[in-house]
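Geometric and topological summary
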Amino acid sequence: MIHIHRTDSSNSNFQELVRKLDTYLARIDGEENAFYAQYNKIDLLKHAVVILEGEIPVACGAIKELDAESMEVKRMYTDVSARGKGYAKRILSELEKWAKEMGYKSCVLETGKRQPDAIALYQSSGYQLIPNYGQYQGVENSVCFQKML
């Protein structure tokens, strides 16, 4: 049985999945990982979503306010054992729904060019390429997207 759970970053299942994500990102980003890691702290995330297969956490994501009209999608991850089941799309959809419920007009995000599966997910979910924003301006490996809600 699949359960989608809204929570925050204090949730142990969310933290477990984020540790796996960080290990994965350290491997693919190499020396650039330290730059990205400084913007991916989870201690203040108030809106996180976890998918459980039975009792096992298999996918997660979070949103945080970027500005008065936009939420930023953060910490998207699906465990290797659960990929190909549509969980990332379900997480993203739940995060967008949550942002809309809170009155936000859009979701934005940054991902790395070395993550073609992530890029494909966002594009197939209606996200449009935008100029790199904030700390990602001028960062060669970063691509940014936005979706109006």
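Scroll up a little and you will see the structure.
Residues numbered from 1 in each chain as written. Predicted model: local features only at pLDDT ≥ 70, side-chain atom pairs only at ≥ 80, totals over all residues. Heavy atoms only, no water.

**Re the sheet that holds strand 2 (residues 47–53)**
Quick reminder of the rule: Strands pair, by our definition, only if DSSP identifies at least two bridges between them. Helix and strand assignments follow DSSP, with helices taken as H or I runs no shorter than four residues and strands as E runs no shorter than two, numbered in order from the N terminus. A fitted line through C-alpha atoms serves as each axis, taken over the contacting stretch for helices, and the angle formed by two N-to-C directions is quoted from 0 to 180°. Contacts between residues were defined by any pair of non-hydrogen atoms, one from each residue, lying within 4.5 Å.
Spatially, the seven strands line up as an open sheet ordered 1-2-3-4-5-7-6, and their pairing is mixed. Among the strands making up the open sheet, the edge pair consists of strand 1 (2–7) and strand 6 (128–130). With direction set aside, neighbouring strand axes in the sheet form an average angle of 30 degrees. As paired strands, strand 2 and strand 3 (residues 56–67) are joined by seven bridges and run antiparallel to one another. Within the sheet, the bridge partner assigned to H47 lies in strand 3 and is I63. Across the sheet, helix 3 (residues 87–101) is in contact with strand 1, strand 2, strand 3, strand 4 (70–78), strand 5 (106–112) and strand 7 (142–148); its angle to strand 2 comes to roughly 145 degrees. Across the sheet, helix 4 (residues 116–124) is in contact with strand 4, strand 5 and strand 7; its angle to strand 5 comes to roughly 160 degrees.

**Some thoughts on the pattern of salt bridges**
Proximity of charged atoms lets side chains of opposite charge pair with each other. Here is the rule we go by: Salt bridges are defined as contacts in which a side-chain nitrogen from Lys or Arg sits within 4 Å of a carboxyl oxygen from Asp or Glu.
Under the criterion given, the structure shown has eight salt bridges. What emerges from the salt-bridge pattern is a single network uniting R6, E94 and E101.

**Thoughts on the layout of surface pockets**
Put simply, the rule is: Points on a 1 Å grid, built from protein atoms alone, make a cavity when a 1.4 Å probe fits but cannot get out and make a pocket when they are open with protein on both sides within 12 Å along at least 5 of 7 lines; residues with an atom within 4 Å of a point are the lining residues. Grid points are joined across faces, edges and corners, and a volume is the space filled by probe spheres set on the points. Residue polarity is assigned by list, with Asp, Glu, Lys and Arg as charged and Ala, Val, Leu, Ile, Met, Phe, Trp, Tyr, Cys and Pro as nonpolar; anything else, Gly included, falls into the polar class.
A volume near 740 Å³ is recorded for the largest pocket. Lining the largest pocket we find 33 residues, and of these M76, Y77, Q115, A118 and Y122 sit closest to its centre. Among the secondary structure elements, those contributing two or more residues to the lining of the largest pocket are helix 1 (12–29), strand 4, helix 3, strand 5 and helix 4. With seven residues, strand 4 is the largest single contributor of residues to the lining of the largest pocket. Grouping the constituent residues of the lining of the largest pocket by class yields 16 nonpolar, eight polar and nine charged.

**Concerning the pairing of strand 3**
What sits between strand 2 and strand 3 in their antiparallel hairpin is a turn of two residues, with G54 showing a positive phi close to 65 degrees. In this structure, strand 3 lies alongside strand 4, joined through seven bridges in antiparallel fashion. Counted as the bridge partner of A62 is K74 from strand 4. Between strand 3 and strand 4, which pair antiparallel in sequence order, lie two residues.

These figures come from the coordinates and say nothing about function on their own.
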